[in-house]
Amino acid sequence: MRILEDNKNIIVENVADFNLEQTLECGQCFRFYKQNEQEYVVVAYKHLLHAKQEGQTLFFLNTDRDTVENLWIPYFDLERNYDEIKKFLREKDEILKNAITEKGGVRILNQEFHEVLISFIISQNKQIPQIKQLVRRISETYGTYLGKINGEAYYSFPDIKTLGTISEQDFRKMKTGFRAPYLFDAAQKLSKGEISAKRLSGLTEAEMQKKLMEIKGVGEKVANCVMLFSLGCRSAFPVDVWIKRIVETLYFDGEEISKDKIREFASEHYGAYGGYAQQYLFCFGREKRIGTGKE
């Protein structure tokens, strides 16, 4: 990569194996807002970003070099060699080749732990537009104003201290439904320090998953999403309805397989690269509607 400055814009050239749209739209985050083709507003870590991509060049608009180098490049995981990851997976698995070819611009974001936890509790039985709406509602109600882009106001996700002041009834008022007691429990555990990225970082992945599942409403799928997208556990393989259908169709001739068996298969088959395989399969399979009978 080469980083250039142009007034208040930072230009990052020679960005390989990255597609801004694929990365943001693949279901791993919910604070992105499309402006135009390959142009987005992103909110993360109490910062507001206006970014666009042209080929292998990224434009970070109205920001500074320090913020790009210290926040956005790590956030988008741009320093990791994805060519090596894709090479390993292609050699390991013929079935993944098409998925990697079509969705090879996906990178796994390095997101803020408490936001990912709350967001994926919300995600249960919700489509992405609905999740985005609820996360934005929480941010606009309890977050900090960050500024406007193209006339639209944006707010940070509330910090851990503020989350601890939100009652179960407050969560219900924001139309979170049956998730309200789960969100309240998570917010309380976060604010009291019972659970944190720092405390979890010293655990094995099995211990980490078990600890996360002590939170009301957090099952294996949500725990694995949190581990993959905010705790650096790149072997984690979240299994939702889509992934279950995709894996059954592509690897087991459509045979019904339990989620536990799918996780076991992923662990044995992909090992440390399970999270990357999951993202390629998820993005490719969802777009092609694999496993729905409508491919």
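Structural data are supplied above this passage.
Residues numbered from 1 in each chain as written. Predicted model: local features only at pLDDT ≥ 70, side-chain atom pairs only at ≥ 80, totals over all residues. Heavy atoms only, no water.

(A) Representation of the overall build of the protein chain. Within the protein chain one finds 15 helices and 8 strands. Against the globule reference of 19 Å for 295 residues, the protein chain gives a C-alpha radius of gyration of 19 Å, in line with a compact fold. Expressed as a percentage of the 295 residues in the protein chain, the buried residues total 51%. The contacts in the protein chain between residues at least 6 apart in sequence include a share of 65% that link residues at least 24 apart. Surface exposure of the protein chain reaches about 13,700 Å², of which carbon and sulfur atoms provide 44%. Taking the average location of the 43 positive side-chain charges in the protein chain and that of its 43 negative ones, the two points are 6 Å from each other. (Helix = DSSP H or I, 4+ residues; strand = E, 2+ residues; numbered from the N terminus. Rg over C-alpha atoms; globule rule 2.2 N^0.38 Å. Buried < 20%, exposed > 50% of the residue type's maximum accessible area, 1.4 Å probe, protein only. Contact = heavy atoms within 4.5 Å. Areas by Shrake-Rupley, 256 points an atom, 1.4 Å probe, with all protein chains shown as cover. Lys, Arg positive; Asp, Glu negative; His and termini not counted. Charge placed at Lys NZ, Arg CZ, Asp CG, Glu CD.)

(B) Here's a closer look at the side chain of glutamine 111. Among the secondary structure elements, glutamine 111 is positioned in the loop between helix H4 (96-103) and helix H5 (113-122). We classify glutamine 111 as buried; its relative accessible area is 10%.

(C) Seen up close, the sheet that holds strand E2 (residues 9-13). Spatially, 6 strands are ordered E1-E2-E6-E5-E4-E3 in an open sheet, and the strand pairing comes out antiparallel. Bordering the open sheet on either side are strand E1 (2-6) and strand E3 (32-36), each of which pairs with just one other strand. Looking at each pair of strands side by side, their axes are set apart by 25° on average, direction ignored. By the bridge criterion, 3 bridges tie E2 to strand E6 (residues 57-61) in an arrangement that is antiparallel. Paired with isoleucine 10 across the two strands is phenylalanine 60, which belongs to E6. (Pairing = 2+ DSSP bridges. Axes fitted to C-alpha atoms, helices over the stretch in contact; angles between N-to-C directions.)

(D) Layout of the packing of aromatic side chains. For the structure on display, the rule yields 19 aromatic pairs. Considering the side-chain rings of phenylalanine 252 and phenylalanine 265, the 5.4 Å spacing of their centres and the 70° angle between planes classify their relative orientation as edge-to-face. One end of the pair, phenylalanine 252, is in the loop between helix H13 (241-251) and helix H14 (259-270); the other, phenylalanine 265, is in helix H14, and 13 residues separate them in sequence. Take phenylalanine 252: its relative accessible area is 23%, and that puts it in the partly exposed class. Arranged with centres 6.1 Å apart and planes meeting at 45°, the rings of tyrosine 273 and tyrosine 276 form a pair that is tilted. Through a chain of ring-to-ring contacts, three or more aromatic side chains come together here, namely Phe18, Tyr45, Phe60, Trp72, Tyr75 and Phe76. Here the basic side chain of lysine 52 rests over the ring of phenylalanine 59, its NZ or CZ set 5.7 Å away from the ring centre. A cation sits over an aromatic face here: arginine 136 above tyrosine 33, 4.6 Å from the ring centre. (Phe/Tyr/Trp six-rings, centres within 6.5 Å; stacked < 30°, edge-to-face > 60°. Lys NZ or Arg CZ within 6 Å of the ring centre and 35° of its normal.)

(E) Structural view of the nonpolar core. If you look at the biggest cluster of nonpolar residues, it comprises 68 residues, and the most contacted ones within it are Leu96, Leu212 and Tyr270. Once residues lying within four places of it in the same chain are set aside, the contact partners of leucine 212 are Phe113, Ile195, Leu200, Val218, Ala223, Val226, Met227 and Leu231. Counting 24 residues, the second-largest nonpolar core is a separate cluster that includes Val15, Leu20, Leu49 and Phe76. (Core = buried A, V, L, I, M, F, W, Y, C linked by side-chain atoms within 4.5 Å.)

(F) Layout of the environment of glycine 27. Topologically, glycine 27 is positioned in the loop between helix H1 (20-24) and E3. Each C-alpha atom, one on glycine 27 and one on serine 123, is 9.8 Å from the other, the two residues being 96 residues apart in sequence. Setting aside anything within four residues of it in sequence, one finds glycine 27 in contact with Phe120, Ile128 and Arg286.

Shape is all these values report; function is a separate question.
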